[in-house]
Amino acid sequence: TSDLGFELIKTVAKEGDKFLLQGYSDSSTLEQFCEKNKIDYTYFDVNLSDSDATDKFINDIKETGLVPTHFVHLPALRVINTKFKNFDEERFILDMNVQVMSAVKICKAIAPKMAKAKFGRILFMATSYVLANPPKNTAAYIMAKNAVAGLMKALAVDYVSNGITVNAVSPSMIETKFLAETSHLIVEQTAAAHPM
């Protein structure tokens, strides 16, 4: 239910596709979007920071009887820019659950089925900051994204012989609601350093 999620669905949807979509708390906008774009979907309202809710979500996916052929994972809590001396461990654990543990649990459930079918596509949302120097005061975000990149590399090696590709995209800042709590100065500095 993020800006990127909506754009992705609109870009890849073809007639006959069935989507299993996960979001949290805002289903009305998604319902309108899917109705307008004629998307066949099942929606799961899941707080991925809650381990038990994530486990239930995986069970609910299994109960659909569908075996996903493609899995795109792009949830993240908004970046909180803060000095490391003020590092919020509880918030970091929530973000690790959202970005990393949910990906681990979902992949554990679907990757073996993809392997059995000899086909699968798994894509994670990383960040350009795993490739270059990040902005200051983003330790929690960078740590979580590096864990996502590590998971991607490990799964790619583990499943390469099963017809499954595992990749990550690493964009720089994108003007979406995700940046709502990011200082305009950081956005301007990042833009000034970017050739585009």
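The sections below set out a description of the structure shown in this document. Everything numeric in this text was worked out from a predicted model, so none of it was measured. (Residues numbered from 1 in each chain as written. Predicted model: local features only at pLDDT ≥ 70, side-chain atom pairs only at ≥ 80, totals over all residues. Heavy atoms only, no water.)

1. Some words on the packing of helix H4 (residues 89–117) against helix H5 (residues 139–159)
Inference 1: Across the interface, H4 lies against H5 with an axial gap of 9 Å and an inter-helix angle of 10°. In this view, H4 runs roughly parallel relative to H5, as classed from their interaxial angle. From H4, Phe92, Asp95, Met96, Gln99, Val100, Ala103, Val104, Cys107, Ala111, Pro112 and Ala115 reach across to H5, where they touch Ala140, Tyr141, Met143, Ala144, Lys145, Ala147, Val148, Leu151, Leu155 and Tyr159.
Inference 2: For the contact of H4 with H5, the per-class residue count stands at 18 nonpolar, one polar and two charged. (Axes fitted to C-alpha atoms, helices over the stretch in contact; angles between N-to-C directions. Helix = DSSP H or I, 4+ residues; strand = E, 2+ residues; numbered from the N terminus. Parallel < 35°, antiparallel > 145°, perpendicular 65-115°, else oblique. Contact = heavy atoms within 4.5 Å. Nonpolar A, V, L, I, M, F, W, Y, C, P; charged D, E, K, R; others polar.)

2. Some words on the pattern of salt bridges
Inference 1: One pass over the structure, following the stated rule, counts five salt bridges.
Inference 2: Between Lys14 and Asp17 there is a salt bridge, and its shortest N-O distance comes to 3.9 Å.
Inference 3: A salt bridge links Lys18 to Asp40; the shortest N-O distance between them is 3.5 Å. Placement of Lys18 in strand S1 (residues 18–23) and of Asp40 in strand S2 (residues 40–45) is noted, with a sequence separation of 22 residues between them.
Inference 4: Take Lys18: its relative accessible area is 39%, and that puts it in the partly exposed class.
Inference 5: By relative accessible area, Asp40 is classed as partly exposed at 43%. (Salt bridge = Lys/Arg side-chain N within 4 Å of Asp/Glu carboxyl O. Buried < 20%, exposed > 50% of the residue type's maximum accessible area, 1.4 Å probe, protein only.)

3. A closer look at the nonpolar core
Across soluble globular proteins, you tend to see nonpolar side chains buried next to one another.
Inference 1: Grouped together as the largest cluster of nonpolar side chains are 26 residues, with contacts concentrated most on Phe57, Phe71, Ile122, Phe124, Leu155, Ile164 and Val166.
Inference 2: Put simply, the parts of the chain that give this core at least two residues each are helix H3 (51–64), H4, strand S4 (120–125), H5 and strand S5 (164–169).
Inference 3: Counting residues per element, this core draws most heavily on H4, which supplies 10 residues.
Inference 4: Leaving out residues up to four positions away in the same chain, Val166 has contacts with Ile122, Phe124, Met152, Leu155 and Ala156.
Inference 5: Judged by nonpolar contacts, the second largest core, of eight residues, contains Phe19, Leu21, Cys34 and Ile39. (Core = buried A, V, L, I, M, F, W, Y, C linked by side-chain atoms within 4.5 Å.)

4. A few points about the pairing of S1
Inference 1: The alternating pattern of S1 places Phe19, Leu21 and Gly23 on a buried face and Lys18, Leu20 and Gln22 on a face that is not buried.
Inference 2: Examined bridge by bridge, S1 and S2 share six bridges and lie parallel to one another. Note that in S2 the partner of Lys18 across the bridge is Asp40.
Inference 3: Handedness of the crossover joining S1 and S2 through helix H2 (residues 27–36): right-handed. (Pairing = 2+ DSSP bridges. Right-handed = clockwise from strand over helix to strand, strands pointing away.)

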